[in-house]
Amino acid sequence: MKEIIINTEFIKLGALLKLAGIADSGVHAKIMILNGEVKYNGQIEYQRGKKVRDGDKIEVSGFDLIVVKYVVD
């Protein structure tokens, strides 16, 4: 499982796919999501703007991702 570190409260699902290098562009991410290729915490997710937060798990195209929030003290 690959950890994706964010330094904000959440990241939108489409942006996460780009950040992780799974989608080449926002359009590519949108197509993957609309085609039902992306699971959010075990359920197929069709919203590109879904807010993904610390601890959420994403599965897509053979990749398992977990979002980890990085907190700067």
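Residues numbered from 1 in each chain as written. Predicted model: local features only at pLDDT ≥ 70, side-chain atom pairs only at ≥ 80, totals over all residues. Heavy atoms only, no water.

Before going further, it helps to examine the nonpolar core. Taken as a class, soluble globular proteins show a tendency for nonpolar side chains to be buried jointly. Counting residues in hydrophobic clusters, the biggest one holds 19 residues, and the most contacted among them are Leu 13, Leu 16, Leu 17, Ile 22, Val 38, Val 52 and Ile 58. Counting only elements with at least two residues in this core, the list comes to β1 (2–6), α1 (13–19), α2 (26–34), β3 (38–40), β6 (57–60) and β7 (63–69). Sequence-distant contacts of Leu 17, defined by excluding residues within four places in its chain, comprise Ile 22, Ala 23, Ala 29, Ile 33, Val 38, Ile 58 and Val 60. (Core = buried A, V, L, I, M, F, W, Y, C linked by side-chain atoms within 4.5 Å. Buried < 20%, exposed > 50% of the residue type's maximum accessible area, 1.4 Å probe, protein only. Helix = DSSP H or I, 4+ residues; strand = E, 2+ residues; numbered from the N terminus. Contact = heavy atoms within 4.5 Å.)

In space, the 5 strands of this open sheet follow the order β1-β7-β6-β3-β4, with mixed pairing throughout. Of all the strands in the sheet, the pair left with one neighbour each is β1 and β4 (43–44). As paired strands, β3 and β6 are joined by 3 bridges and run antiparallel to one another. Within β6, the residue paired with Tyr 40 across the bridge is Ile 58. (Pairing = 2+ DSSP bridges.)

The next thing to look at is the environment of Arg 48. Along the chain, Arg 48 falls in the loop between β4 and β5 (51–53). A residue is classified by how much of its surface remains accessible, and Arg 48, at 42% relative accessible area, is partly exposed. C-alpha separation for the pair Arg 48 and Leu 13, spaced 35 residues apart in sequence, amounts to 5.5 Å.

Attention now goes to the confidence of the model for the protein. Predicted confidence across the protein gives a mean pLDDT of 92, with 96% of residues reaching 70 or more. Averaged pLDDT values for the elements of the protein fall to 88 in β7 and rise to 97 in β4. (pLDDT = per-residue confidence, 0-100.)

One non-glycine residue with positive phi stands out, namely Asn 41, at about 50 degrees. Relative to the elements of secondary structure, Asn 41 occurs in the loop between β3 and β4. Backbone geometry at Ser 61 places phi at a positive 45 degrees, although glycine is not the residue there. Position of Ser 61 among the secondary structure elements: in the loop between β6 and β7. Its relative accessible area of 46% is what places Ser 61 among the partly exposed residues.

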